Amino acid sequence: MAVNMAVSRIKREFKEVLKSDEIAQCSIKLELANDNFTELRGEIAGPPDTPYEKGTFLLEIHVPETYPFNPPKVKFITKIWHPNISSVTGAICLDILKDNWAAAMTLRTVLLSLQALLAAAEPDDPQDAVVASQFKDNYEMFCKTAKHWTNVYAKGPHKFPDFDAKVQRLRDMGVNDFDARAALSRHNWDINLATNDIF
Amino acid sequence: MNREMSADESVQAEASNNSIPKNKTGSTLNEPQRTKSLEEATQENYMCSICLSWLEDPVLTKCGHRFCSSCLNEWRTKKNSKCPMDSHDLNIEDIFPDNYTKRQITEIRKSFPEELNRPNVMIECRFSTLSCDFKTTSAGELDLHMKEGTKEHIDLLLSSYLRTQYQAWDPLDKSQSNDKEEFFRQQSSTRDLINAMFERIVILEQHTREQAIKIEALQSTEKRHGTLVWKIEDFKRKVESMQNNSNMMFYSTDAYTSPDGYKFCARINLSHKMRDYLSLHVHLRKGENDYHLSWPFIGRIKISMIHTKNAALSQHDCIMSKPEILAFHRPNEEISCRGFGFTEYAIISDIIKRGFIENDCLVIKIQMNIV
């Protein structure tokens, strides 16, 4: 019964989300990743007036057989710099995806909540401690880094040539692109500290 | 903490908007007017926000949300005792069956038979009357079938049309064919009537059975007033069988001294010492009231042999219970092995001679009164 309900519910939600206003505004998107409605691909637009503005973030959604009695498993595929999202794995720390899940919530709700999370980070309940401490101690640096990541990974508009140059210098030393960017981001773009961290 | 609150609120606002599918009927309907009113009808009240389908066996929560009974049960068995809509704590006593909504849904569904668009409910192809046996649970699949099955459906239409032609060649004039329609119409209304009557009969039969059980229960309490009237029928045959077998004895039905009193019965057999004498004893029986009664039984036992023609000839004997006699103690077996009464109650030939036997039946009356 549970399998049946999970699939039939996803089918309904899917139809519904396709007709929703957010789709019309290109603010969220949902598509199937397999034929049996258990793997889906979500997409959310970065909310305006945030470092994620004009970025497009892809999400991996796995619907458990016990859905909607248990929450869907969601993580970011697109790399993102955010206190509540792991910069390495894309894992998300959000209460409704854990203990505060309710059966009346839907995938559309989840996507909208994630969008809200991008707009209102919660550094006191972090998934990524490094990002969270930067958010609290050096907010300006956090914003620039987040914008830079949005530009590189999520087609965001803000380019930071000095950041790109520093990444390039580490790459010249044989470090791969992501590791270089992650290390520099962790060390507030201090290339010496980042280099020490890597080697 | 702060974030939990804010995230929760935004989600709930979304969730309540969300529980109303914009259009659950798919695109197979050509009647926008009706579709719209159905849509209105199904808003919120008739939709379970767990399975997003029609409410099935709806329940209403204390906080005012409706769910299918099975959906909410399943949610609660996941150790989550909070309402899926607003996270109010829900105990089992905060959930009530919502039969009003159940009836409403039944009514609405009746008026939209083609809308049975929910899991496990089959929608038939619109050509099903032309024997297209395609069935599905999803409006989308039906849509696809309607598009892809065009050739098949035209074939069905054609063969159906040809059959109609044969019928038209039947030598029936117009008035007769009208009669035929009328006949079919009547037939279907008769069938409806029979169905309705059948349902009614089932209800009445059930009612009758319930009444019979009640009457039986009443009759059994009637016997609980301390008087046992024992009509010993087939008296001659019984005497003969007791004469042939000295261990043979007959017991009466059970009686009670009062509705909640001692249970007892009577027994006859032939005296072992004097074979022409009838013995008559009263036995206490193990009863459902024994635990609260006082033991040993203390009371008066009046035994009467009734002369049905002339009451003045009836024979009455009165005995008082004696606490030292085991027969008055609480029975350890179904029927107390000791009885009290008369080993030589009456000579059988005497009973017959004095006219106590009427229609081969002897009437013994036993009254047990607590003192």
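Under an unreviewed UniProt entry, the name given to chain B is TNF receptor-associated factor 6, and the source organism is Chironomus riparius. Check the Subcellular location (unreviewed entry) section of the UniProt entry for chain B; it says "Cytoplasm".

Chain A appears in an unreviewed UniProt entry as E2 ubiquitin-conjugating enzyme from Chironomus riparius. On record in UniProt, under Sequence similarities (unreviewed entry), the comment for chain A is "Belongs to the ubiquitin-conjugating enzyme family."

Turning next to the overall build of chain A. The number of helices and strands found in chain A is eight helices and four strands. From first element to last, N terminus to C terminus, chain A shows the α and β order α-α-β-β-β-β-α-α-α-α-α-α. With 199 residues in all, chain A has 53% of them scored as buried. Long-range pairs, those at least 24 residues apart, make up 53% of the contacts in chain A with a sequence separation of at least 6. For chain A, the computed accessible surface area is about 8800 Å², with 50% contributed by carbon and sulfur atoms.

Working note: α-helix, 3.6 residues per turn, so residues spaced by three or four point in the same direction. Residue and element names in this part refer to chain A. A rise of 1.5 Å per residue sets the reference length of helix α5 (residues 139–153), with its 15 residues, at 21 Å; its end C-alpha atoms lie 21 Å apart and thus fit the reference within 8%. Taken together, the buried positions of α5 are occupied by Met141, Phe142, Cys143, Thr145, Ala146, His148, Trp149, Thr150 and Asn151. Here the buried face of α5 lies against β3 (56–62), α4 (129–137), α6 (161–172) and α7 (177–186).

Our next topic: the environment of Ser113 of chain A. All names here are of chain A. When you line up the elements, Ser113 lands in helix α3 (residues 107–119). Classification of Ser113 by relative accessible area gives buried; the value is 6%. Expressed as a C-alpha distance, the spacing of Ser113 and Leu94, which sit 19 residues apart in the sequence, is 8.7 Å. Looking at Ser113, its side chain comes within polar contact range of the main-chain oxygen of Thr109, at 2.8 Å.

Quick look at the sheet that holds strand β11 (residues 299–305) of chain B now. Residues and elements named next belong to chain B. Strands sit in the order β6-β14-β11-β12 across an open sheet of four strands; the sheet is antiparallel. Two strands close off the open sheet at either side, each with one partner strand: β6 (227–232) and β12 (315–320). This sheet shows a mean twist of 15° between the axes of neighbouring strands, independent of strand direction. Alignment of β11 against strand β14 (residues 362–370), held across seven bridges, turns out to be antiparallel. Bridge pairing in β14 links Ile301 to Met368.

Further remarks concern the pattern of salt bridges. All names here are of chain B. Under the definition given, this model contains 16 salt bridges over all chains. For Asp234, the salt bridge is made with Arg237, and the minimal N-O distance between the two is 3.7 Å. On the basis of relative accessible area, Asp234 is assigned to the partly exposed category, the value being 40%. For Arg237, a relative accessible area of 47% puts it in the partly exposed group. The shortest N-O distance in the salt bridge between Asp254 and Arg285 comes to 2.9 Å. A residue pair is termed long-range when its members are at least 10 positions apart, and Asp254 in the loop between β7 (250–251) and β8 (255–256) and Arg285 in strand β10 (residues 277–285) qualify at 31 residues.

Cut-offs used in this document
- Residues numbered from 1 in each chain as written.
- Chains lettered and ligands numbered in written order.
- Predicted model: local features only at pLDDT ≥ 70, side-chain atom pairs only at ≥ 80, totals over all residues.
- Heavy atoms only, no water.
- UniProt positions renumbered as here; feature names shortened; annotations may be inferred.
- Helix = DSSP H or I, 4+ residues; strand = E, 2+ residues; numbered from the N terminus.
- Buried < 20%, exposed > 50% of the residue type's maximum accessible area, 1.4 Å probe, protein only.
- Contact = heavy atoms within 4.5 Å.
- Areas by Shrake-Rupley, 256 points an atom, 1.4 Å probe, with all protein chains shown as cover.
- Expected span 1.5 Å × (residues − 1).
- Polar contact = N/O pair within 3.5 Å; in protein donor to acceptor, adjacent residues only side chain to side chain.
- Pairing = 2+ DSSP bridges.
- Axes fitted to C-alpha atoms, helices over the stretch in contact; angles between N-to-C directions.
- Salt bridge = Lys/Arg side-chain N within 4 Å of Asp/Glu carboxyl O.

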